[in-house]
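# Observations on the three-dimensional arrangement
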Amino acid sequence: MNTSGQSCSRIALLLIVLTVLSGTAYAFADSTINAAPANLPPFESNERPRCYYRSFAHTLDDPLHTAQQEPSASNEQPDAASAKTPPLRVYIKEFFPDVLGGTKRIFSKDNLPVALVGVGLTGLALTVDQRVKKYFQDRKPLEHVENIGDKIGNGYPEIGVGFALLGTGELINDKKLADTGAVTLEAFVVNGIASEGLKYAVRRKRPNSGNNMSFPSGHASNTAMLAASVSEMYDWDLRIAVPLYMTTAFVSASRIQANEHFLSDVIAGMTVGTLAGMSVAKYHKEKDAQRGLQDITLMPVLDKDLRGCVLTLRFL
């Protein structure tokens, strides 16, 4: 291999590795139903919950005494996976509101570092696009596997994974898994709109001169969207994020090998997909946290015959 080819391959490898690391770096940063007495406060008239559970204490001493005797019971907190999974109709009802909320979430300040890294790498890649193209077409390092990358990133596997996660979560009552599936499907829509919008706005000709839809790469954005949405829902666990982003890098490189995209196209696609997947997942997690606070109410009760607190839990 001549000096020019070696230099070109090193640049391409460096840019892809930096892009992968820009996503996985987040892993280090984030790595007895009782009948209530008649004198309890009534529910608000404008509330129409489906089910309420109320617990109350006749004196302030009783709950304290109970807590001292049974500390383990008071410290038990259900995790996200063991929480009750909403029925499928709830995910369907909230699908388009979540798509809108996730789209708005893209423009939040905490996404700025990812956007800046992506824009910077894309700009750097523009200066070596032709050399990287020449290297892949001359050396053909992925000649025999480029069709695999085309199949992985064409959108159907990403939709299939989303439905599989959602369905499995519903079957085994794993809310976090079901939420991840819903987030993946919602992020797929957000990413598709963003990627196609950029394609029509930029109108960049493909390396093989097939059409003017080269920038950004839809295959790269689809796989990056899946990687970011799942990784964000599982708090950027390296065991999840690294394999998913390595798959994204492989798909991106295969699109260059197929002469369908330039290096800058795939890096831009990875950036768009990461922002879409991460934003929808963050929106979903923040919405759930806010909903959890609204569904728990603690009110003091002071009466001649009753002193204590009323805890109200609302289940949708």
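Refer to the structure printed above.
Analysis parameters
- Residues numbered from 1 in each chain as written.
- Predicted model: local features only at pLDDT ≥ 70, side-chain atom pairs only at ≥ 80, totals over all residues.
- Heavy atoms only, no water.
- Core = buried A, V, L, I, M, F, W, Y, C linked by side-chain atoms within 4.5 Å.
- Buried < 20%, exposed > 50% of the residue type's maximum accessible area, 1.4 Å probe, protein only.
- Helix = DSSP H or I, 4+ residues; strand = E, 2+ residues; numbered from the N terminus.
- Contact = heavy atoms within 4.5 Å.
- Salt bridge = Lys/Arg side-chain N within 4 Å of Asp/Glu carboxyl O.
- Phe/Tyr/Trp six-rings, centres within 6.5 Å; stacked < 30°, edge-to-face > 60°.

Take the nonpolar core next. Core analysis: the biggest nonpolar cluster contains 16 residues, and Y91, L166, V183, V190 and V280 have the highest contact counts within it. Looking at this core, the elements that each hand over two or more residues are α5 (88–105), α10 (175–202), α11 (218–233) and α13 (263–294). Take this core: its biggest share by element is six residues, from α10. For V280, the contacting residues outside a window of four places in its chain are G102, V183, E186, A187 and V190.

Within this structure, the stated rule accounts for 15 salt bridges. With a closest N to O distance of 2.7 Å, K175 and D179 form a salt bridge. Residue K175 and its partner D179 are located together in helix α10, separated by four residues, close to a single helical turn. Each member of the pair K175 and D179 is classed as buried. Across the pair K285 and D235 runs a salt bridge whose closest N-O atoms are separated by 3.1 Å. With K285 in helix α13 and D235 in the loop between α11 and α12 (238–257), this pair connects stretches of sequence that are 50 residues apart. Owing to a relative accessible area of 29%, K285 belongs among the partly exposed residues under this scheme. Within this structure, R105, D110, K282 and E286 form a network of salt bridges that share partners.

The subject of this paragraph is the packing of aromatic side chains. A full pass over the atoms with the stated rule returns three aromatic pairs. Each ring, one from F95 and one from F96, has its centre 5.2 Å from the other, and the planes form 85 degrees; the classification is edge-to-face. Owing to a relative accessible area of 62%, F96 belongs among the exposed residues under this scheme. Plain terms: the ring middles of Y135 and F136 are 5.5 Å apart, the flat faces sit at 80 degrees to each other, and that makes the pair edge-to-face.

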